[in-house]
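Residues per chain, in single letters:
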Amino acid sequence: MSQSSPDFSIQTLSFPDAPDSPSALLVDDRIVPYLPLPVRPARSTPLHQDGKPSFEIRPAGVDRGLGMFATRHIPAGALILVEHPAILTPAKVPLTRDARDAVYRDLFAALPEHRRNELRTMTNCRSLDECETMEEGIARTNGTAVELGHPDEIEIDAREYGAVFLTINRSNHSCGPNAAHKWDLASFSSSLYALRPIEPAEEITMIYTDVTQPRDTRRERLLAHYGFTCMCEFCTLPPSLSAESDAARAALREWRHTRPVFAGWATDLCRADDFVLKSHMQALELIEKEGLQGMESAFVRDVCLCWAVLGEEAKFREWAKKLERLSDVRDVAMAREVRGWLQDPKGRVPKWGWRSKRRLQTSKKKVLEEPESYYSPLLF
Ligand SMILES: C[S@@+](CC[C@H](N)C(=O)[O-])C[C@H]1O[C@@H](n2cnc3c(N)ncnc32)[C@H](O)[C@@H]1O
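Residues numbered from 1 in each chain as written. Predicted model: local features only at pLDDT ≥ 70, side-chain atom pairs only at ≥ 80, totals over all residues. Heavy atoms only, no water.

**Thoughts on the nonpolar core**
We apply this condition: For the purposes of this section, nonpolar cores are sets of buried Ala, Val, Leu, Ile, Met, Phe, Trp, Tyr and Cys residues that join through side-chain atoms within 4.5 Å. Exposure categories follow from relative accessible area, calculated using a 1.4 Å probe and restricted to protein chains: below 20% of the type maximum is buried, above 50% is exposed, and the middle band is partly exposed. Strands are runs of DSSP state E lasting at least two residues, helices are runs of H or I lasting at least four, and both sets are numbered from the N terminus onward. For this analysis, residues touch if any pair of their heavy atoms sits within 4.5 Å.
Ranked by size, the top nonpolar core spans 40 residues in total, and within it Trp265, Phe316 and Trp341 carry the most contacts. Counting residues per element, this core draws most heavily on helix H9 (residues 296-309), at nine residues. Contact partners of Trp341, with chain neighbours within four places excluded, come to Cys304, Leu305, Phe316, Leu323, Met334, Arg348, Val349 and Pro350. If you look at the next biggest cluster of nonpolar residues, it comprises 30 residues, including Val27, Ile31, Phe55 and Ala194.

**A short note on the pairing of strand E11 (residues 189-194)**
Under the convention used in this document: When DSSP locates at least two bridges between a pair of strands, those strands are taken to pair.
The element E11 is extensively covered by neighbouring structure, given that six of its six residues are classed as buried. Burial along E11 is two-sided: Ser189, Ser191 and Tyr193 and Ser190, Leu192 and Ala194, pointing in opposite directions, are all buried. Bridge count between strand E6 (residues 79-83) and E11: four bridges; the pairing is antiparallel. By the bridge assignment for E11, Leu79 is matched with Tyr193. Sheet analysis places strand E10 (residues 179-184) next to E11, joined by six bridges and oriented antiparallel. Bridge pairing in E11 links His181 to Leu192. Following E10, the chain reverses through four residues before pairing antiparallel with E11; Phe188 in that reversal takes a positive phi of roughly 50°.

**A closer look at the site of the ligand**
Heads up, the rule is: For this purpose, a residue is taken to be near a molecule or strand whenever a single non-hydrogen atom of the residue falls within 4 Å of it. Note on areas: Shrake-Rupley, 1.4 Å probe, and residue coverage restricted to the protein chains presented here. Amino acids outside the nonpolar list (Ala, Val, Leu, Ile, Met, Phe, Trp, Tyr, Cys, Pro) and the charged list (Asp, Glu, Lys, Arg) are all regarded as polar, and Gly is one of them.
Around the ligand lies a shell of 16 residues, among which Arg64, Leu66, Arg170, Asn172 and Tyr226 are the nearest. Against a free-state accessible area of 560 Å², the protein chains account for coverage of 93% of the ligand. In terms of residue class, the shell around the ligand is made up of five nonpolar, eight polar and three charged.

**Quick word on helix H1 (residues 97-109)**
Selection criterion: In a helix, the anticipated span is given by 1.5 Å times the number of residues less one. Directions pointing from the helix axis toward each C-beta atom define the arc.
In this model H1 runs 18 Å from its N-terminal to its C-terminal C-alpha over 13 residues, within 8% of the 18 Å that 1.5 Å per residue would give. Buried within H1 are the following residues: Arg100, Asp101, Val103, Tyr104, Leu107 and Phe108. Around the axis of H1, the buried residues are gathered within 165° of arc, so they sit on the same side. Seen from the open side of H1, the exposed residues pointing more than 90 degrees away from its buried face are Asp98 and Ala109. The secondary structure elements touched by the buried residues of H1 are strand E2 (8-13), strand E3 (23-28), strand E7 (87-90), helix H2 (113-119) and helix H3 (134-142).

**Details of the environment of Glu132**
Put simply, the rule is: Contacts described as polar in this section are N or O atom pairs within 3.5 Å, which, within protein, must combine one atom able to donate a hydrogen with one able to accept it, while residues neighboring in sequence count only if both atoms come from side chains.
Here Glu132 shows up in the loop between H2 and H3. Through-space distance from the C-alpha of Glu132 to that of Asp98 is 9.1 Å; in sequence the pair is 34 residues apart. Apart from residues no more than four positions distant in its own chain, Glu132 is found in contact with Arg97 and Asp101. Of the polar contacts made by the side chain of Glu132, one reaches the side chain of Arg97; its length is 3.3 Å.

**Topic: the packing of aromatic side chains**
Rules: Working definition: a ring pair exists when centres of Phe, Tyr or Trp rings (six-membered ring for Trp) sit within 6.5 Å. Plane angles under 30 degrees give stacked, over 60 give edge-to-face, the rest tilted.
Applying the stated criterion across every chain, the model contains seven aromatic pairs. Taking 6.2 Å as the distance between ring centres and 20° as the angle between the ring planes, the aromatic pair formed by Phe15 and Phe188 counts as stacked. Here Phe15, found in the loop between E2 and E3, pairs with Phe188, found in the loop between E10 and E11; they are 173 residues apart in sequence, far enough to count as distant. Residue classification places Phe15 among the buried residues on the basis of a relative accessible area of 2%.

**Thoughts on the UniProt feature "domain: SET" (unreviewed entry) in the chain**
How we decide: UniProt positions are given in the numbering used here, feature names are shortened, and annotations may be inferred rather than shown by experiment.
UniProt annotation of "domain: SET" (unreviewed entry) refers to residues 53-209 when read in the numbering used here. Taken end to end, residues 53-209 is 21% helix and 27% strand, and its two terminal C-alpha atoms sit 27 Å from one another.

**Section: unusual backbone geometry**
The peptide bond linking Leu37 to Pro38 adopts the cis configuration, its omega dihedral lying at -5°. Of note, Pro38 is situated in the loop between E3 and strand E4 (55-59). The backbone of Asp63 sits at a positive phi, close to 60°, despite the residue not being glycine. Here Asp63 shows up in the loop between E4 and strand E5 (66-70). The exposure class assigned to Asp63 is exposed, which follows from its relative accessible area of 75%.

Right, here's the structure in full:
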């Protein structure tokens, strides 16, 4: 360990599952006690039958540099890669420019030569005005947001970091991405997984900006932060379709905050039985059209629970399996819970069939209380 400033230090972390690939971290000293020591082993990446991964890194076309491409079919939800970062730096480094330059150089120097050399081949889209050193430029072009520390004990500013992964960060941006990655502090690794089925030779993409924003905003932000004009299929739609896409994305952005709440509907018999289902199916249609499967899980979870409360086992199973697939990497606890539900839906899903039972009870009660309603007024 070498001291770089009174408040930051450079640490190296080694991993039992990848002993030749340590991470070099520039960390705020308050965070050091929270580093996961010992590091838990990372989930292993499933390999192809012949021992090869399900992707390759190769040139992605004019002005796109390298990219990540599928070498075989990858099903929705599947794990593509688990990786430890090469370097990790604070989102904000409150140091003078000179001190910063030295710190980034020290950080690279803390890595073994093979890792440092590979890191140096990563993209640097920062101008000299923004970052004087190539090392800082690479850290800032490729840094993906991750959190360290404990939310109850360290303020958010001190917990935000940018992690650079030698492989994951080769994947380019799309406004309708087919992959995403999930950070796990305990194993100090990120898992890249498929958001929808990916076909052989298809480029594996993720998001660099909020893709629910309108096209012009997305493009401005990508140009400002990453130095490219997005030419993805959603950014190159003709004007009328582009306006439609912007409107769909705005609706989805709103839906996140205003969608009907499953819990409120579940026991409210004044609402129609399909009240939540109808709204969520519309949202899922928009999600599919815009290629925003990263937004699916909250809707899929509610749809699955709606079928449970309605006591529709076949539908429940269909949606629960989808939810299990979507949660497998992204939300391990949810995936485990869904597997339990699937073993015994009636016994394990809260409020199984509650609405159908209550509707039946209410209608029986009505029949008993109003026997005369059986007689058609036409007989009189
Ligand atoms: C994190 S790197 C991605 C990997 C990069 N292509 C490489 O060769 O290392 C980010 C840089 O990749 C390029 N890039 C990413 N997505 C792109 C896209 N959709 N269109 C054009 N360039 C893109 C830009 O140069 C951006 O600054």
